Amino acid sequence: MATTVTPLPEPLDPGAANRALAPRLGSGRLYLRRFARNRGALLGVALFVLLVLFSVFGSLFTRFAYTDADFAALTQPPSATHYFGTNQGGNDVYAEAVHGLQRSLVIAVSVSVLTIVLAAVIGAGAAYFGGRVEKLTLMVIHFLLVVPSFLILALISHHLAGDWRVLILVLTVFGWMSTARVVWSLSTSLRERDYVLAAEFMGVRPWRIVMRHIIPNLGSLLIVNLTLGVVATVLSETALSFLGFGVQTPDVSLGTMLADGSGTITSAPWLFGYPAALVVLLTVSMTLVGDGLRDAFDPTSTSAALRGRR
Amino acid sequence: MTLTTAGMHPPAESAAPAPVLSVRDLSISFPSEAGPVQAVRQVSFDVLPGQTLGIVGESGSGKSATAMGIMGLLPETAHVSGRVLLGGRDLVGLNDRQLSAVRGKGIGMVFQDPLSALTPIFSVGRQLSDALRVHQSLTKQAAWNRAVELLDLVGIPDPHRSARSFPHEFSGGMRQRVVIALAMANSPSVIVADEPTTALDVTVQAQILGVLRTAQAETGAGMVLITHDLGVVAGYADEVAVMYAGRIVEQAGAKELFGRPTMPYTIGLLGAVPRPQARADRPLVPITGEPPSLVKLPAGCSFADRCPAAVDACRTQEPALAAVPGHGQVACLRVGDIADGHLAADSLFPAVADAEEHGGAGSGGEVVLRVAGLAKTFPVTKGALLKRRVGTLHAVGDVSFELQAGQTLGLVGESGSGKTTTLLEIMRLRQPEGGRIEIVGTDVAAQGSPERARELRRAVQIVMQDPSGSLDPRLSVFQLLAEPLQAVGADRETIQARVSELLHLVQLDASVTDRFPSALSGGQRQRVGIARALATEPRIVVLDEPVSALDVSVQASIVNLLTKLQRELGLAYLIVAHDLAVMRHVSDRIAVMYLGHIIETGDTEDLFTNPRHPYTEALLSAIPVPDPQLERSREHIVLEGEQPSASRLPSGCVFVDRCPLYRLLDDGLRQRCRTERPLLGSAGPGSGHRHACHAR
Amino acid sequence: MIHKSAAASTERVFLPVRKHHDHAQTRHTPAGPACGHRCRIPLLHEGGPMVRHVMRKAAGWLAMIVVATNVTYVLAAWFLDPRSNYRGLRPVRTEQQIDHALTPYNLDPRVPLAVRWWHWFSDVVLHFDWGKSPVGASVNSEIGFRVLVSGQLVTAATLLSVVAGVALSVFTASRQYGWWDRITQLVSVFLFNVPAAVAALAVVFAGIWLNQHLGWRFLYVAGEASPTVSGLWPTVADRFQHLILPTLSLTVLGYVGYHLTQRSLLLDSINSDFVRTARATGLTRAQAIRRHALRASLIPTATSVAFSIPAIFTGAVITETVFGWNGMGQYFVQTIAKNDVHGAVAVAAFGAAMTAIGAVLADVAVVLLDPRVRVS
């Protein structure tokens, strides 16, 4: 967690350590070193890699496809043939879990990448240009934050009948605001930095200033939010699918598996337990990575970027 | 005022009073990525009651860590050893609860930045009475009354009402008074003041030093005054300790230390600091190099690498502080040679032979910048969500000046005087709100074609105050220097060639091109900033406090570099700086600003030796001089109050509310000062020295 | 925030920061100097500007609700197809018959959207009539009791979350990096990663287990009230028993955000200059945190309450589904599944209203906490 790194004393020549450590390579190696020293973060990376490998190669270890129904084994507990058991329809839960994890991963990663790009450009642009552009953007952001966006998400994805690609689009469109708001508020202080002013006085064009001087200086925030965005998206997707508004049959995601299993939590706990464990492993691993990255970028900060949970 | 303090007796003249605070072998280190940072090493000193020990040093010398170590306010990760004896009791190793009984009661502390030192959500009266009630059993009412008394004592006007105000309603100077009141509230026997005036304007600094004297007189406390400003120490401290790389390298009485500095570092420091009373032709002598990293200290004397007197033994053996007869203590292997005059202090840091006479070069050149009647206002808004305009801030009222090629014009004034706004208005290259700006003969309002606009951009460039803030941390030195060239459309080969030319020009090694700003020292960064400004071969370079973020020993080399560049390239400089001593060194002409108006302008020497406007006079008088004898004997003009906000300009003279002369005037002239704004008028026919005052 | 801006004391930042205090607006009470400790609580009657400030904000939020509700109407009318409710019915009806059946409910797709919207909007404004479902049930009668059911759930969960989160953060921040800090942080980070559905079901599971082991059905895991209970006190007790688990599962999810953000805000302000000053006057670290850092760091938390209500509401949708509560959340799932345009819009309006109420309360809290808002 964030607890293992001792904060550097700031007032004492903060550059000295940098100068001693990284005379040439910028800060990249320093970040890597700090990250690598964080046991939690390494655990997170390991977990995440394992989950990705599982989702890609897990299907090689079973002869069942997630769509196959084994009518000889309905609602069977885990066994040698069905590692995670079977559900009421005879589907192999292991095969479903591999596929569901894959689905959830693809959705989560693409949404969080798209979201970050959108949020960075909109937030930083609004802050830099200021005036009416900024006012209007903020109004839209506040509006979308306040509107029960989950409801609108449900409306739209219900209408579009659970195509996962559409789900990516919809989750992105309603997912960028809280990050954009954070980007905006940090950019407003970057906008006042002397190097931005200096660039203006050199005649550098506005969008170039945004792209070259503002967004790169939010790099650490954006990377941290990228990992936490994966968490948020997994949780959103799970919630939507759980309620029947996300991925829909015959397709399977971890959310739909949770929904299927929730009715039989006492009689057939494996139906719920395995997908629940996978979801939690996935989100926990990403949070560990995100925390480790944040500590690596800014060991003095205790601020969590854990905001805007949906 | 009915304030009496139990332990109030004049500083004992009798035989050696017992020290109130004794620090013995204090060492402090912090863990860091690269290894332990040895911030403070083996520091020992005594503070006598009623006396002041000044600790001077540059950034990273360990002086603030020493202060925090005494207070027990270091981060928990810090490793502290040695003893801090307060009235005989060792504070090192006490836990937080035990220390909290000492803090505020035994030792009071004054911090550097008054703007953030007070809790924003409590009234100042509440903070003061809380501080009193921590250590004394007072009723709320009694504590409140005492708080009001304290506010009165530190010179807060209308203390009854002010006690109910919140910190944000006070100016910086007023807040620092409150912080001092907090420090003295429980009559501590020691007051630690860590850079108490660094964040303040020079006229306010003079007031705050006065308040500190009051606090010390009231409580009879011994004081540890930590500062980087040699002038402040010269005027205030009885005893001075110079710190370098975590150690005390020289400690002596103020008179002895300034009169006959003995450690080469002290000698160099005193040679590098610009003196307001000295003519510009005394060149500043920088100390070469940079302070060592505190992570991996060299084996010998930490100053050896920069020391002109260093011998081989200096690099292997760290000298201990040794007593020098009649002088105090010095940590230097060659102390014998220096003390007995064998090694003349003057010859250690010889002035670089500066062939050309400073100043005369530029006069009579082409006018490259003409500003006439410049005005700029900002709306004063209120409300967090829906901003309503409630007033107008007249940041710049009516500013006119001319700048010739090869010449330097210095804009002088305190914060809020509009000098930086003036610079920024020029840099924007747009039609100003009022007045006109002409650059190399072209009115910026009528730039016409984009090519012409680009030409103008090339002609004016800026060097900013804080080199670590004005260089994008994500870009390498090469990218930083290439940026202005790319913006004017230079091709790749031109950029390559020009970048190495620029590095040479600012005396940087070509190896820095692929470094990032964080891997450069402060002086190197500012050189990059200067190189970037020169990239497009400008005619005019605007310098916004170019050396104020740098340490004294580095500052001198940047000042010398700027002078050299001007001479070689025929640049016109427009400089803003609050440090008048530096200004005297670099400027040919000076314009003094107050509340957005130029109130006096003239040739530098003329203005410094013969100031005519009462504000200029007070401003010059407020600069502390690094010479204890001069500083203590000369007459100080301490202005009352602070520069008001420019949102309510007086209709007459802008300085009327603080003018010391005003009080001496007759009613007719007073009326005139109140109602009619004085114009800049020549002191004599044909003189370039002009000032705006009815009374003189 | 993650980056602390370097506080360079350049002149540029001086702009209108230093505000003149306006006597007419500050309105210090004319009481004697003794008021020092008491004056910080602004009474409503003395703070004319404060009331106006809150009223202005409230008006803004009202506008926000109106816009949000109307946007949802348009989206719902666009995306939901009420005709599908009739398609599965026997005997099979023609499209025309279906449209005809929908006409009285203002859901006839042949009528232009603008016209339908106008009917709906004027009914809401004039009669507070939120329309009919595709099969003719009145939305008003459906939501009447559901609003109360969900309202108490969301309110209780929000309050508990804030209190638990802030209390925990204060408790742990003064023991930074100690055992308690590590353990609670670990738990919170873990809970942060648990999907609402999993958390709710885990609570159900735990509740059942507890009931079995106690041999007494104290905790209810389904429904919001037992149909058979009568009498005032039995009813109250019964409601309470039903409320415990859903509130708990919502709180478990909600407190995490407050704990983690408040902890970091506190730690940030512990390192701030004014806490150092407070310690220099003789407060211990823990005292300085409680008296000086906490209140200042509560200000951003108060503002964030408003923005976290949509999340709590989302959580409530799932919690109600899991616990079988007839609340707005469950209704929301039903309305979308049954293409009930008017019902879905009413849910959206409820959600927006909850957010707005939270935001106005947060504003009041900020004004109480921060004298700077009051004085300027």
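Criteria and cut-off values
- Residues numbered from 1 in each chain as written.
- Chains lettered and ligands numbered in written order.
- Predicted model: local features only at pLDDT ≥ 70, side-chain atom pairs only at ≥ 80, totals over all residues.
- Heavy atoms only, no water.
- Helix = DSSP H or I, 4+ residues; strand = E, 2+ residues; numbered from the N terminus.
- Areas by Shrake-Rupley, 256 points an atom, 1.4 Å probe, with all protein chains shown as cover.
- Buried < 20%, exposed > 50% of the residue type's maximum accessible area, 1.4 Å probe, protein only.
- Contact = heavy atoms within 4.5 Å.
- Pairing = 2+ DSSP bridges.
- Axes fitted to C-alpha atoms, helices over the stretch in contact; angles between N-to-C directions.
- pLDDT = per-residue confidence, 0-100.
- Core = buried A, V, L, I, M, F, W, Y, C linked by side-chain atoms within 4.5 Å.
- Patch = residues over 30% accessible without salt bridge, like charges linked within 9 Å, V, L, I, M, F, W, Y side chains within 5 Å.
- Salt bridge = Lys/Arg side-chain N within 4 Å of Asp/Glu carboxyl O.
- Phe/Tyr/Trp six-rings, centres within 6.5 Å; stacked < 30°, edge-to-face > 60°.
- Lys NZ or Arg CZ within 6 Å of the ring centre and 35° of its normal.
- Left-handed = near helix turned anticlockwise from the far one by under 90°.
- Nonpolar A, V, L, I, M, F, W, Y, C, P; charged D, E, K, R; others polar.
- Expected span 1.5 Å × (residues − 1).
- Arc of directions from axis to C-beta.
- Polar contact = N/O pair within 3.5 Å; in protein donor to acceptor, adjacent residues only side chain to side chain.
- Right-handed = clockwise from strand over helix to strand, strands pointing away.
- Parallel < 35°, antiparallel > 145°, perpendicular 65-115°, else oblique.

Further remarks concern the overall build of chain A. Counting secondary structure elements, chain A contains 13 helices and zero strands. Starting at the N terminus, the α and β elements of chain A follow one another as α-α-α-α-α-α-α-α-α-α-α-α-α. Approximately 11,900 Å² of chain A is accessible, and the part contributed by carbon and sulfur atoms is 66%.

This part covers the overall build of chain C. Along the backbone of chain C there are 14 helices and zero strands. When its helices and strands are written in sequence order, chain C yields α-α-α-α-α-α-α-α-α-α-α-α-α-α. Scored against the burial criterion, the 376 residues of chain C give a buried share of 50%. Across chain C, every contact between residues at least 6 apart in sequence was considered, and the portion connecting residues at least 24 apart equals 70%.

What links the strands of a sheet is backbone hydrogen bonding, and the strands pair in either a parallel or an antiparallel sense. Residue and element names in this part refer to chain B. Here we have eight strands laid out as an open sheet, ordered S6-S7-S8-S3-S9-S10-S12-S11, and mixed in their pairing. The sheet is open, and its two edges are formed by strand S6 (107-110) and strand S11 (322-324), each paired on a single side. Each strand of the sheet is rotated relative to its neighbour by a mean of 25°, with strand direction disregarded. Pairing of strand S10 (residues 247-253) with strand S12 (residues 328-330), which is carried by two bridges, proceeds in the antiparallel orientation. Bridging across to S12, Glu250 finds its partner in Val330. The sheet strands contacting helix H1 (residues 63-71) are strand S3 (52-56), S6, strand S7 (190-194), strand S8 (222-227) and strand S9 (239-244), and the helix crosses S6 at an angle near 145°.

Glancing now at the confidence of the model for chain A. Residues and elements named next belong to chain A. Scored by pLDDT, chain A comes out at a mean of 78, with 86% of its residues at no less than 70. Mean pLDDT across the elements of chain A ranges from a minimum in helix H1 (residues 14-21), with 40, to a maximum in helix H4 (residues 93-129), with 91. Segment residues 1-26 is flagged for pLDDT under 50; beyond a separation of four residues in sequence, or across chains, it makes 55 contacts in the model. Ignoring residues within four places in sequence, the model shows residues 301-310, a span with pLDDT below 50, making 40 contacts including any to other chains.

Attention now goes to the nonpolar core. Core analysis: the biggest nonpolar cluster contains 191 residues, and B:Leu21, B:Phe45, B:Ile107, B:Val192, B:Val240, B:Tyr265 and B:Ile530 have the highest contact counts within it. In this structure, B:Val240 is in contact with B:Leu53, B:Gly54, B:Val56, B:Val233, B:Glu250, B:Gln251, B:Ala252, B:Ala254, B:Leu257 and B:Phe258, ignoring residues within four places of it in sequence. Membership of the second largest hydrophobic core comes to 132 residues, among which are A:Phe143, A:Ile152, A:Val170 and C:Trp61.

The next thing to look at is a nonpolar patch on the surface. Residues and elements named next belong to chain A. A contiguous nonpolar patch, built from Val45, Val49, Leu50, Leu53, Val56, Phe57, Leu60, Phe61 and Tyr83 and spanning about 850 Å² of accessible area, is present on the exposed surface. Summarising the element assignment, Val45 is placed in helix H3 (residues 39-57). What makes Val45 partly exposed here is its relative accessible area of 31%.

Our focus in this paragraph is the packing of aromatic side chains. Following the criterion strictly, the structure yields 22 aromatic pairs over all chains and no others. Ring centres 4.0 Å apart and planes at 0° place the aromatic pair A:Phe84 and A:Tyr274 in the stacked group. A residue pair is termed long-range when its members are at least 10 positions apart, and A:Phe84 in the loop between H3 and H4 and A:Tyr274 in helix H13 (residues 269-297) qualify at 190 residues. With a relative accessible area of 28%, A:Tyr274 lands in the partly exposed category. Judged by centre distance (5.2 Å) and plane angle (70°), the ring pair of B:Tyr265 and B:Phe303 falls under edge-to-face. Of this pair, B:Tyr265 sits in helix H11 (residues 264-272) while B:Phe303 sits in the loop between H11 and S11, and the two are 38 residues apart along the sequence. Through a chain of ring-to-ring contacts, the aromatic side chains of C:Tyr73, C:Trp117, C:Trp118, C:Trp120, C:Phe121, C:Phe128 and C:Trp130 assemble into a single cluster. Seen from the ring of B:Phe122, B:Arg126 lies directly overhead, with NZ or CZ sitting 4.1 Å from the centre. A cation sits over an aromatic face here: B:Arg670 above B:Tyr662, 5.2 Å from the ring centre.

Take the side chain of A:Thr227 next. One can find A:Thr227 in helix H11 (residues 219-243). The contacts of A:Thr227, once residues within four sequence positions are left out, are A:Met286, A:Val289, A:Gly290 and A:Leu293.

For the rest of this paragraph, the subject is the packing of helix H17 (residues 477-487) of chain B against helix H18 (residues 492-505) of chain B. Residue and element names in this part refer to chain B. In contact at an axis separation of 10 Å, H17 and H18 are set at 120° when each is read in the N-to-C sense. Seen along the crossing, H17 lies across H18 with a hand that is right-handed. Facing H17, whose interface residues are Val477, Phe478, Leu481, Ala482, Leu485 and Gln486, H18 presents Ile495, Gln496, Arg498, Val499 and Leu503. Within the contact of H17 with H18, the residues separate by chemical class into eight nonpolar, two polar and one charged.

Let us look at H3(A). Residues and elements named next belong to chain A. Counted at 1.5 Å a residue, the expected span for H3 with its 19 residues is 27 Å, and the 27 Å between its end C-alpha atoms agrees. Where H3 is concerned, the buried positions are Gly40, Ala41, Gly44, Phe48, Leu51, Phe54 and Ser55. An end-on view of H3 places all buried positions within 145° of arc, on one side of the element. Seen from the buried face of H3, the exposed residues on the opposite side, beyond 90 degrees, are Arg39 and Leu50. Between a side-chain oxygen at the N-terminus of H3 and the backbone nitrogen of Gly40 the separation is 3.2 Å; the capping residue is Asn38.

Close approach of charged atoms allows side chains with opposite charge to pair. Under the defined criterion, the tally for this structure stands at 34 salt bridges over all chains. A salt bridge links B:Glu318 to B:Arg41; its shortest N-O distance comes to 3.0 Å. Remark: B:Arg41 occurs in strand S2 (residues 37-47) and B:Glu318 occurs in the loop between H11 and S11; sequence separation between them is 277 residues. In this structure B:Arg41 comes out as buried when scored by relative accessible area, which is 11%. Linking C:Asp181 and C:Arg263 is a salt bridge whose minimum nitrogen-to-oxygen distance equals 2.8 Å. Highlighted residues: C:Asp181 in helix H7 (residues 179-192) and C:Arg263 in helix H9 (residues 232-270), separated in sequence by 82 residues. Pair check on accessibility: C:Asp181 and C:Arg263 agree, each one buried.

Let us now look at the sheet that holds S2(B). Residues and elements named next belong to chain B. On the basis of which strands lie adjacent, the open sheet formed by four strands has the order S2-S1-S4-S5 and antiparallel pairing. Every other strand in the sheet has two partners, leaving S2 and strand S5 (89-90) as the edge strands with one partner each. Where strand S4 (residues 79-86) meets S5, two bridges bridge the pair, whose relative direction is antiparallel. In the strand pairing of S5, Leu85 is matched with Asp90.

What follows concerns the pairing of strand S19 (residues 540-544) of chain B. All names here are of chain B. In terms of residue burial, S19 counts as a mostly covered element, since five of its five residues are buried. The alternating pattern of S19 places Ile540, Val542 and Asp544 and Val541 and Leu543 on opposite faces, both of which are buried. Here strand S18 (residues 460-463) runs beside S19; their pairing, made up of four bridges, is parallel. Considered in S19, the bridge of Gln461 is made with Val541. Bridging between S19 and strand S20 (residues 572-576) involves five bridges; their strand directions are parallel. In the strand pairing of S20, Ile540 is matched with Ala572. Each parallel crossover has a hand, and the one from S19 via helix H20 (residues 552-569) to S20 is right-handed.

All names here are of chain A. Across the interface, helix H12 (residues 254-262) lies against H13 with an axial gap of 8 Å and an inter-helix angle of 150°. It follows that H12 is roughly antiparallel to H13 by the angle criterion. The chirality of how H12 crosses H13 is left-handed. Facing H12, whose interface residues are Leu254, Met257, Leu258, Gly261 and Ser262, H13 presents Leu271, Phe272, Pro275, Ala276, Leu278 and Val279. For the contact of H12 with H13, a count of residues per class yields nine nonpolar, two polar and no charged.

As a further point, take H1(B). Residues and elements named next belong to chain B. Most of H1 is tucked away: eight of the nine residues are buried. Of the positions making up H1, those classed as buried are Lys63, Ala65, Thr66, Ala67, Met68, Gly69, Ile70 and Met71. The positive-phi residue at the C-terminal boundary of H1 is Gly72, with phi of around 70°.

Looking now at unusual backbone geometry. Even without a glycine there, the phi angle at B:Asp25 is positive, about 50°. Examined against the element boundaries, B:Asp25 turns out to sit in strand S1 (residues 21-30). Residue B:Asp25 is classed as partly exposed on the basis of its relative accessible area, which comes to 40%. A positive phi angle, close to 55°, is found at C:Asn339, a residue other than glycine. Summarising the element assignment, C:Asn339 is placed in the loop between helix H12 (328-337) and helix H13 (341-369).

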